[in-house]
Amino acid sequence: MASVEKSAKTCTINPLKTSQPLGGASAFMGLDGCLPMLHAAQGCTAFALVLLVRHYREAIPFQTTAMNEVTTILGGKDNLEEAILNITKRASPKVIGICSNGLIEARGEDIRGDLKLIRQRHPELEGTALVYASTPDYKGGFQDGWAAAVTVMVEELVEPNLGRDPHQINILAGCHLTPADLEEIRDTVEAFGLNPIILPDIAGSLDGHVADNWVQTTMGGTQVNDIRRMGRSIATLALGLQMEQAARVIEARCDVPFEVYPRLTGLLAWDNFIAALARHSGKPVPASIRRRRSQLLDAMLDGHFYFGHKKIAIAAEPDLLVGLVGFLTDLGASITAAVTTTDSPALAQVPADRVMIGDLDDLEQAAGDCDLLISHSHGARVAERLGIPFFRAGFPLFDRLGAAHKLSVGYRGTRDLIFEIGNLFIAADNHYHHEAEGGKDAPVASH
Amino acid sequence: MSQHKHQDLFNEPACAKNRDKDETARKKGCGGKSLTPGNAAGGCAFDGAKIVLQPITDAAHLVHGPIACEGNSWDSRHALSSGPQLYRTGFTTDISELDVIYGGEKRLFRAIKEIATRYSPPVIFVYQTCVTAMIGDDIETVCKVATERFGLPVIPVNAPGFVGKKNFGTKLAGEVLLNHVIGTEEPETTTPTDINLLGEYNVSGDLWAVTPLFQRLGIRLLTSITGDARYHQVTKAHRARVNMMVCSQALINVARKMEERWGIPYFEGSFYGVEATGTSLRTIAKILVERGAEAVLVDRTEALIAAEEARVATELAPILADLKGKKVLLYTGVVKSWSMISALHYAGMIVIGSSTRKATKEDKARAAALMGDEGETIDNLPQRDMYRMLKNREADIMLSGGRTQFVALKAMTPWLDSNQERHNAYAGYDGTITLLRAIHKELTNPVWTQVRTPAPWEA
């Protein structure tokens, strides 16, 4: 629906976008016993790691091939080999997830060839999966890197011709979903008697649990053996358009049909997902889910008053944008400004007049008279300068607790989102009333 | 590429660590051992350069490179400003695949033009990064042309990440200040008590915890390099009477060359802890008097130190009993490893270990002497060993940076941030009070007994 425009500026001011390798390595965080590694100079890893630590408030086991000026000239194969051997010796990971950066890709290195050679030379690596995603940082953004990594995970690991398991279903999870979202999705799928293989499953590794020991890889997440068995599933549900390519790979290899769910936030969107689970499982919708649907209906009835005709400025990666803009317009709000990071087929599905590929400065210029600003944490200062309420969504969220546990899918997630954003509108309206009456210190009425 | 230019910087006669090396080791560069692929952590030269220059608050800092360099890192430090906020704006050329093929110089020039037109900053710093360095973008020439065209200094910072570690980037940024900024303008007035602080970035307001002390002593902080600095202050730094390097040898090239060029003596000191703060103030006063300030400055300094030490003792008295004998694991960078030890000893705490992985021999010896038999210096502590130590309750609290935070927390051990991401100022007398109160608050939080209680069905 939306027309896509590019920012007219040459200089990016207050970036919205984070890098492809960071997105790719984040996807590898969703595999169990994994060590994500950037094939790049060490600083790339340090920045990426620090940002993830600040977002999740968890230790992040990233590594680097530590390229320098000389190895950039001579080629990165030796560094790659040394890094893989060092990591294996120290941490014995089940998977090493390798994401390249611009330095490596601009040199046109044949990493697949390098990996083949390294394997031949080192039979001791036999038990370790080496999965490489091409993620140059001069192209795309976080979401593109995530999608590229998931695509190579299935390309490298899914095995053909294993037969069918009538209870097994694949869930490919886009980067717009939080650990809390994945937990909700798993519970829902299991409520229909289906066994989901969620890839990647950051709910297993990044849900903020306290373990009894310290390991140097990821702890929890999708098992490599489960990925190998994904060809046995009855269907693949691709959550987010970014997951469509990976779903196609599984279909082509194992004849597993796929369905794409561009959004899971909102009544009708989740209805659609629930109906699919009922269809695939052949089971009726459980009473507890019906009850939650009813709660959401009530929340929409109570909450819509505060959303109608509200003007929203939002900046988010494409698939998150689809879900949030859909949710807001479902309740009668209108989108004044929508900014995103990179081009994507998802943008065509954003219910707004236009979407700009740009930065937080583009958002700031267009958001002057809006009622609400939505973006990742860097938008807080934009909202502050404009003096409008702010809602945090996306990555990174470094200035609030609980990023992993923000739920926005399903009946429950949508219900809570109505309350959370609706309360921001109510608070702003009250504030306005009191200002108008000259009673700044007057107590805020409770609703 | 830029290797030959760097050789000069690898030979730093004033740097103790550098002096200790033989000829071959020196050629390999600074920042310790070369990095091991698959077993490395820490920031790059670009990161280091930005740490030094970004606190210049009225400057525009433009990063020429792909989105990773700025998009993943912007506005993430707590170097505070008392005025301008432009330094917190993230500017980057965010180069595309086409730029990689055809070169990014035109894009860079246009980006500079947009910033100059829209913001008219007193200066634009342009940072080179790995990819744009590799494709051969000549940022020096672009900056030169832009300087002429737009009538404001556009300064190249040639410290792409792959030339070395963070420490090396700070030195490269120091060279940028020496070659393009310091000494380019004259102050309107000078006084016999003008000083500079080098390597103080006003993290969480550290600088503001010591500036009131200078004011009370009648000492003028001519330039802070670069915490809460304005560009036109840094240009005039060459007229100070003394340079104090705060807590680090990172800018020793700047200190030494300022001494060579303008005869400004320098010393290394710290504002962490009561003792170190006193020593630093005494040294400043002594050098200023030697260089022509009124002799009474020394007496004023002694009086202030006595009054402040008494105040600190009174304010901390209520919590000292709780802190006494508590064991601390200190895992932090460089000189802080010894300066923090004395701050902790003040409260009768026992430092069982202190990391000295980036420290010089002298710093290491200093830390070892301070800890005596109670603790040891640690060059490298793998996270699983750190976890085991903490899980065995060998320390009551760990002070470290954000990266190792979760090792402590997952081991159910109290933790306090002592690095640049922290939110409290720990410098000076007020900072010492803040630090010890923060440790006390953390140690006495009731949460520890709860989280260490096993679930009833597991007991």
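Residues numbered from 1 in each chain as written. Chains lettered and ligands numbered in written order. Predicted model: local features only at pLDDT ≥ 70, side-chain atom pairs only at ≥ 80, totals over all residues.

Considering the overall build of chain A
Reasoning step 1: The secondary structure content of chain A amounts to 17 helices and 15 strands.
Reasoning step 2: Computed over the C-alpha atoms, the radius of gyration of chain A is 23 Å, within 12% of the 22 Å expected from 2.2 N^0.38 for a compact globule of 447 residues.
Reasoning step 3: Dimensions of chain A, computed from the C-alpha atoms along their principal axes, are close to 80 × 55 × 45 Å.
Reasoning step 4: Out of the 447 residues belonging to chain A, those deemed buried represent 58%.
Reasoning step 5: The contacts in chain A between residues at least 6 apart in sequence include a share of 72% that link residues at least 24 apart. (Helix = DSSP H or I, 4+ residues; strand = E, 2+ residues; numbered from the N terminus. Rg over C-alpha atoms; globule rule 2.2 N^0.38 Å. Buried ≥ 20, exposed ≤ 12 C-beta atoms within 10 Å, placed from the backbone. Contact = placed C-beta atoms within 7 Å.)

Some remarks on the overall build of chain B
Reasoning step 1: On a plain count of helices and strands, chain B comes out with 21 helices and 13 strands.
Reasoning step 2: Since a compact globule built from 459 residues should have a radius of gyration of about 23 Å, the 23 Å found for chain B is in line with a globular shape.
Reasoning step 3: Considered along the principal axes of its C-alpha atoms, chain B spans approximately 70 × 65 × 45 Å.
Reasoning step 4: For chain B, buried positions account for 52% of its 459 residues.
Reasoning step 5: Of the contacts formed within chain B by residues at least 6 apart in sequence, a portion of 71% connects residues at least 24 apart.

With respect to the sheet that holds strand β3 (residues 34–39) of chain A
Residues and elements named next belong to chain A.
Reasoning step 1: Pairing is parallel across the open sheet formed by four strands, whose spatial order is β4-β3-β5-β6. Looking at the sheet topology across the chains shown, the edges are occupied by β4 (63–64) and β6 (129–133).
Reasoning step 2: Relative to β4, β3 runs parallel, the two sharing two bridges. When the sheet's bridge partners are listed, Leu38 is paired in β4 with Thr64. (Pairing = 2+ DSSP bridges.)

So, the nonpolar core
Reasoning step 1: Grouped together as the largest cluster of nonpolar side chains are 277 residues, with contacts concentrated most on Val150, Ile314 and Ala338 of chain A together with Leu62 and Val126 of chain B.
Reasoning step 2: With residues up to four places along the chain from it excluded, the contact list for Ala338 of chain A reads Ile314, Leu321, Val325, Val350, Ala352, Val355 and Met356 of chain A. (Core = buried A, V, L, I, M, F, W, Y, C linked by C-beta atoms within 7 Å.)

Points about the environment of Asp359 of chain A
Residues and elements named next belong to chain A.
Reasoning step 1: Position of Asp359 relative to the elements: it lies in the loop between β13 (354–357) and α15 (360–366).
Reasoning step 2: For the pair Asp359 and Glu244, spaced 115 residues apart in the sequence, the C-alpha separation amounts to 26 Å.
Reasoning step 3: With near-sequence residues (within four places) excluded, Asp359 lies in contact with Ser7, Thr12, Ile13, Asn14, Pro15 and Leu16.

Re unusual backbone geometry
Reasoning step 1: For the peptide bond that leads from Phe395 of chain A to Pro396 of chain A, omega is 5 degrees, which places it in the cis range.
Reasoning step 2: Structurally, Pro396 of chain A can be placed in the loop between β15 (390–392) and α17 (410–436).
Reasoning step 3: Looking along the chain, the bond that leaves Ile225 of chain B and enters Thr226 of chain B is cis, with omega of 5 degrees.
Reasoning step 4: With respect to the element layout, Thr226 of chain B can be found in strand β6 (residues 220–226).

Comments concerning the sheet that holds strand β10 (residues 258–261) of chain A
Residue and element names in this part refer to chain A.
Reasoning step 1: Strands sit in the order β8-β7-β9-β10 across an open sheet of four strands; the sheet is parallel. Strands with a single pairing partner mark the edges of an open sheet, and in this sheet they are β8 (195–199) and β10. Across the sheet, the axes of successive neighbouring strands diverge by a mean angle of 20 degrees, strand direction being ignored.
Reasoning step 2: Pairing between strand β7 (residues 168–173) and β8: five bridges, direction parallel. If you follow Ile171 over to β8, its bridge partner there is Ile198.
Reasoning step 3: Contacting β7 and β8, helix α8 (residues 179–191) runs over the sheet at an angle of about 155 degrees to β8. (Axes fitted to C-alpha atoms, helices over the stretch in contact; angles between N-to-C directions.)

What to know about the pairing of β8 of chain A
Reasoning step 1: Buried residues dominate β8 of chain A, accounting for four of its five residues.
Reasoning step 2: Since β7 of chain A and β8 of chain A lie parallel, the crossover through α8 of chain A that links them has a hand, and here it is right-handed. (Right-handed = clockwise from strand over helix to strand, strands pointing away.)

Some thoughts on the domain arrangement of chain B
Reasoning step 1: When cut into domains, chain B gives domain 1 (3–181), domain 2 (194–311) and domain 3 (324–423).
Reasoning step 2: Averaged C-alpha coordinates put domain 2 of chain B and domain 3 of chain B at centres separated by 27 Å. (Domains from an automatic or database assignment.)

Details of the interface of chain A and chain B
Often, the extent of an interface is quoted as the loss of accessible area upon association of its parts.
Reasoning step 1: Of the residues lining the interface, 51 residues belong to chain A; the matching set on chain B comes to 53 residues.
Reasoning step 2: Among the elements of the structure, β2 (12–13), α1 (20–28), α2 (42–56), β4, α3 (69–74), α4 (77–91) and α5 (102–106) of chain A are those that each provide at least two residues to the side of chain A that touches chain B.
Reasoning step 3: A per-element tally of the side of chain A that touches chain B places α2 of chain A first, with eight residues.
Reasoning step 4: Inspection of the sheet shows β2 of chain A paired to strand β2 (residues 91–92) of chain B by two bridges, in the antiparallel sense. Its bridge partner lying in β2 of chain B, Thr12 of chain A is registered against Thr92 of chain B.

Notes on the domain arrangement of chain A
All names here are of chain A.
Reasoning step 1: Domain assignment breaks chain A into domain 1 (3–11 + 290–435), domain 2 (20–157) and domain 3 (168–286).
Reasoning step 2: Relative placement of domain 1 and domain 3: their C-alpha centres are 25 Å apart.
Reasoning step 3: Contact with domain 1, which involves 28 residues of that partner, is made by 25 residues of domain 3.
Reasoning step 4: Elements supplying a minimum of two residues to the side of domain 1 that touches domain 3: α13 (287–307), α14 (318–330) and α17.
Reasoning step 5: Ranked by residues supplied to the side of domain 1 that touches domain 3, first place goes to α14 with eight residues.
Reasoning step 6: When the residues that make up the side of domain 1 that touches domain 3 are grouped by side-chain class, the tally is 13 nonpolar, nine polar and six charged. (Nonpolar A, V, L, I, M, F, W, Y, C, P; charged D, E, K, R; others polar.)

Let's talk about α1 of chain A
Reasoning step 1: Buried residues dominate α1 of chain A, accounting for nine of its nine residues.
Reasoning step 2: Where α1 of chain A is concerned, the buried positions are Gln20, Pro21, Leu22, Gly23, Gly24, Ala25, Ser26, Ala27 and Phe28 of chain A.

Observations concerning the packing of helix α11 (residues 206–217) of chain B against helix α20 (residues 428–443) of chain B
Residues and elements named next belong to chain B.
Reasoning step 1: Where α11 meets α20, the closest approach of the two axes is 7 Å, and the angle between their N-to-C directions is 135 degrees. In terms of orientation, α11 and α20 fall into the oblique class. Packed against α11, whose contacting residues are Asp206, Ala209, Val210 and Leu213, the element α20 presents Gly428, Asp430 and Gly431 at the interface.
Reasoning step 2: Taken together, the residues of the contact of α11 with α20 break down into three nonpolar, two polar and two charged. (Parallel < 35°, antiparallel > 145°, perpendicular 65-115°, else oblique.)

Considering the packing of helix α10 (residues 166–181) of chain B against helix α13 (residues 252–262) of chain B
Residues and elements named next belong to chain B.
Reasoning step 1: Between α10 and α13, whose axes approach to 8 Å, the crossing angle comes to 30 degrees. By the angle between their axes, α10 is roughly parallel relative to α13. Along the contact surface, α10 presents Lys171, Gly174, Glu175, Leu177 and Leu178, while α13 presents Asn253, Val254 and Lys257.
Reasoning step 2: Residues of the contact of α10 with α13, tallied by class, amount to three nonpolar, two polar and three charged.

Concerning α8 of chain A
Side chains three or four residues apart in an α-helix point the same way, a direct result of the helix having 3.6 residues per turn.
Residues and elements named next belong to chain A.
Reasoning step 1: Between its first and last C-alpha atoms α8 spans 18 Å; for 13 residues at 1.5 Å apiece the expected length is 18 Å, and the two agree.
Reasoning step 2: Of all the positions in α8, only Pro179, Ala180, Asp181, Leu182, Glu184, Ile185, Thr188 and Val189 are classed as buried.
Reasoning step 3: At the C-terminal side of α8, Gly193 shows a positive phi close to 75 degrees. (Expected span 1.5 Å × (residues − 1).)

Section: the confidence of the model for chain B
Reasoning step 1: When pLDDT is averaged across chain B, the result is 90; 90% of the residues are at 70 or more.
Reasoning step 2: Reported for the predicted complex are a pTM of 0.94 and an ipTM of 0.94. (pLDDT = per-residue confidence, 0-100.)

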